[in-house]
Amino acid sequence: MLKSKFSLTLLVLCGVQAIAQPATPVVKPTLEIRAADKRGDAAKSLMLSAAVAGKRIVAVGERATVLLSDDGGAHYRQAQRVPVSSTLTGVSFVNEHLGWAVGHWGVILNTTDGGENWTVQRTDMSTDQPLLDVHFMDDQHGVAVGLWSLILYTQDGGKTWLKGDPPATDGARRFDLNLYHLFAGAVGELFASAEKGKILRSTDAGLSWAVIDTGYKGSLWSGILSRDGALLVGGLRGTILRSDDQGKTWQNLKTDSTSSVTGLSQLPDGRIVGAALDGVSLESKDGHNFSVKRSSEGDAFTWVGSMVDGQVVWMSRNGPVRLQR
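This text gives an overview of the structure that appears in the document. Numbering of residues begins from 1 in every chain and follows the order in which that chain's sequence is written. In view of the model being predicted, local features appear only for residues whose pLDDT reaches at least 70, and side-chain atom pairs are presented and counted only at 80 or more, with totals across whole chains, interfaces and linings using the full set of residues. The side-chain numbers reported here are obtained from all heavy atoms of the structure, hydrogens and water having been left aside.

1. Describing the overall build of the protein
Alright, step 1. Secondary structure is summarised from DSSP: a helix means a run of H or I of at least four residues, a strand means a run of E of at least two, and numbering begins at the N terminus for each. When its secondary structure is counted, the protein shows one helix and 27 strands.
Alright, step 2. Only protein chains enter the accessibility calculation, which uses a 1.4 Å probe; a residue is then buried when its area is under 20% of its type maximum, exposed when over 50%, and partly exposed in between. Within the protein, buried positions represent 52% of all 325 residues.
Alright, step 3. A total accessible area of about 15,900 Å² is found for the protein, and carbon and sulfur atoms account for 52% of it. Areas reported here follow the Shrake-Rupley algorithm with a probe of radius 1.4 Å; residue values treat only the protein chains shown as occluding.

2. Some remarks on the pairing of strand S18 (residues 231-235)
Alright, step 1. The buried count for S18 comes to five of five residues, which makes it a mostly enclosed element.
Alright, step 2. A pair of strands is treated as paired once DSSP finds two or more bridges between them. In terms of strand pairing, strand S17 (residues 220-225) meets S18 through five bridges, oriented antiparallel. The residue bridging Ile224 from the neighbouring strand is Leu232, located in S18.
Alright, step 3. The hairpin formed by S17 and S18 contains five residues between the paired strands, and Gly229 there has a positive phi angle of roughly 90°.
Alright, step 4. Here S18 runs beside strand S19 (residues 240-243); their pairing, made up of four bridges, is antiparallel. Following the sheet pairing, Leu232 is matched in S19 by Arg242.
Alright, step 5. Where S18 folds back onto S19 in an antiparallel hairpin, the turn is made up of four residues, including Arg237, whose phi is positive at roughly 50°.

3. Regarding the environment of Asn318
Alright, step 1. Within the element layout of this structure, Asn318 appears in the loop between strand S26 (312-316) and strand S27 (319-321).
Alright, step 2. On the basis of relative accessibility, which here comes to 37%, the residue Asn318 falls in the partly exposed class.
Alright, step 3. Between N or O atoms, a polar contact is any pair within 3.5 Å; within protein, one atom must be a potential hydrogen donor and the other a potential acceptor, and residues adjacent in sequence are included only when both atoms are from side chains. A distance of 3.3 Å separates the side chain of Asn318 from the side chain of Asp299, its partner in a polar contact.

4. Here we look at the sheet that holds strand S15 (residues 198-202)
Alright, step 1. With respect to topology, four strands assemble into an open sheet ordered S13-S14-S15-S16, the strand pairing being antiparallel. Lying at the two open borders of the sheet, with one neighbouring strand each, are strand S13 (179-184) and strand S16 (210-213). The sheet shows a mean angle of 25° between the axes of neighbouring strands, direction not considered.
Alright, step 2. Examined bridge by bridge, S13 and strand S14 (residues 190-194) share five bridges and lie antiparallel to one another. Each residue of the ladder has a partner; that of Leu179, found in S14, is Ala194. Only the stretch in contact is used when a helix axis is fitted, and all axes are lines through C-alpha atoms; the angle between N-to-C directions ranges over 0 to 180 degrees.

5. Overview of the packing of aromatic side chains
Each pair of aromatic rings is reported with the distance of its centres and the angle of its planes.
Alright, step 1. What counts as a ring pair is set by centres within 6.5 Å for rings of Phe, Tyr and Trp (its six-membered ring), and what kind of pair is set by the plane angle: stacked under 30 degrees, edge-to-face over 60, tilted for all other angles. According to the stated counting rule, one finds five aromatic pairs in the structure shown.
Alright, step 2. Seen in terms of ring centroids, Trp100 and Phe136 are 3.5 Å apart; in terms of plane orientation they differ by 5°. Their pairing is stacked. Of this pair, Trp100 sits in strand S6 (residues 99-103) while Phe136 sits in strand S9 (residues 131-136), placing them 36 residues apart in sequence. Of the two residues, Trp100 and Phe136, neither departs from the other in class, the shared state being buried.

6. Comments concerning empty space enclosed by the protein
Rolled over the atoms, a probe with the dimensions of a water molecule shows which regions are left empty.
Alright, step 1. Only protein atoms enter the calculation, which uses a 1 Å grid: trapped sets of points that fit a 1.4 Å probe without letting it out are cavities, open sets showing protein on both sides within 12 Å along at least five of seven lines are pockets, and any residue with an atom within 4 Å of a point is a lining residue. Grid points are joined across faces, edges and corners, and a volume is the space filled by probe spheres set on the points. For the structure shown, the criterion picks out two cavities of 30 Å³ or more.
Alright, step 2. Roughly 50 Å³ of internal volume is contained in the largest cavity.
Alright, step 3. Lining the largest cavity, in full, are Ile57, Gly72, Gly73, Tyr76, Gln311, Val312, Val313, Trp314, Pro320, Val321 and Arg322.
Alright, step 4. The set of elements that each furnish at least two residues to the lining of the largest cavity consists of S26 and S27.
Alright, step 5. Looking at the lining of the largest cavity element by element, the count peaks at three residues for S26.
Alright, step 6. Looking at the lining of the largest cavity residue by residue, the classes come out as seven nonpolar, three polar and one charged.
Alright, step 7. Lining the second largest cavity are Trp105, Gly106, Arg122, Asp124, Thr127, Gln129, Leu150 and Lys163.
Alright, step 8. Class assignment for the residues of the lining of the second largest cavity results in two nonpolar, three polar and three charged. Following the grouping adopted for this structure description, the nonpolar residues are Ala, Val, Leu, Ile, Met, Phe, Trp, Tyr, Cys and Pro, the charged ones are Asp, Glu, Lys and Arg, and the polar ones are all others, Gly among them.

7. Here's the deal with the layout of surface pockets
Alright, step 1. Its boundaries defined by the atoms lining it, the largest pocket holds a volume of some 1,300 Å³.
Alright, step 2. Lining the largest pocket we find 39 residues, and of these Ser49, Ala50, His181, Leu182 and Trp303 sit closest to its centre.
Alright, step 3. Per-class residue counts for the lining of the largest pocket are 21 nonpolar, 15 polar and three charged.

8. Brief notes about the environment of His288
Alright, step 1. By secondary structure assignment, the location of His288 is in the loop between strand S23 (280-284) and strand S24 (291-294).
Alright, step 2. A residue is classified by how much of its surface remains accessible, and His288, at 30% relative accessible area, is partly exposed.
Alright, step 3. Along the chain, His288 and Leu241 lie 47 residues apart, while their C-alpha atoms are 9.5 Å from each other.

9. Observations concerning the sheet that holds strand S12 (residues 162-163)
Alright, step 1. Read from one edge to the other, the open sheet built from four strands follows the order S9-S10-S11-S12, with strand pairing classed as antiparallel. Each having just a single partner strand, S9 and S12 make up the two edges of the open sheet.

10. Brief notes about the pairing of strand S3 (residues 66-69)
Look at any regular strand and the pattern is simple: side chains alternate between the two faces of the sheet.
Alright, step 1. Burial of S3 is two-sided: the residues Val66 and Leu68 facing one way and the residues Leu67 and Ser69 facing the other way are all buried.
Alright, step 2. Summarising the sheet, strand S2 (residues 56-61) and S3 pair through four bridges and their orientation is antiparallel. Bridge assignment links Val58 to a residue of S3, and that residue is Leu68.
Alright, step 3. From the end of S2 to the start of S3, which pair antiparallel, there are four residues, and Arg63 there has a positive phi angle of about 55°.
Alright, step 4. Pairing analysis gives two bridges linking S3 to strand S4 (residues 77-78), with the strands arranged antiparallel. Paired with Leu67 across the bridge in S4 is Gln78.

Here it is in structure tokens:
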């Protein structure tokens, strides 16, 4: 009864206000692209991905923050110019100069000077369908993936981006799952990890895709192809899955952790490291057995990779982290 009275009172008040005031047209807010701000606390921002460009680390994250380090991660500074302010979620470099970054509002950025300055190649302000990762095979061929099975590919270095057509699965009319992470195979394949334990595989630089079903029901946020030819993918609640037969069968590896795995990387010495939430980092010498460590600060790790010399690079919700294992 009380709820009904409240609803009725609200309706009456709204009606009185409508009569007392002349009607005004509804003006929708105008979305606009503006450059990222320079901030003194940028190095403490949520960082979601990183890439190695020669001897430089290029990291991307919230509010279009792009951080650069030229000393192996000891110090970071902001890029000189980033022409958008939306969150950036993925970055890929093919050499020390040429790279791409993607993010919210369907943004795709390009740099030709190692991440100092960026230009816009694509945006889609009509719908906020974020791109979540990008991978370039060479300076001409690249793929970006994101929300609601969004797949884009380019064959001309990003001058034009075309929509890919993901395959249907499980009797559905179309594949309709979020695509989180891209990682390369050994002979030109490209893999995209997704929800509901699914992985997409392309052998033609993103033009067509096939579905791999791991049998797992949760989201897969990260993945690598190890040097011994095994597929490893990480996801919710500490899950790491391994396949030694190109995705036909899968083994659920024990990690003794329930922290979601956000990144996987193989170091030059063969070790495999994993980044996870709740300050958890993982390490394996054989790709089967993982040890778990928890940072004293409890950082939520979002990405892990390495420099050519083996220096491990970690990203977190509080910026880049120097973590000794």
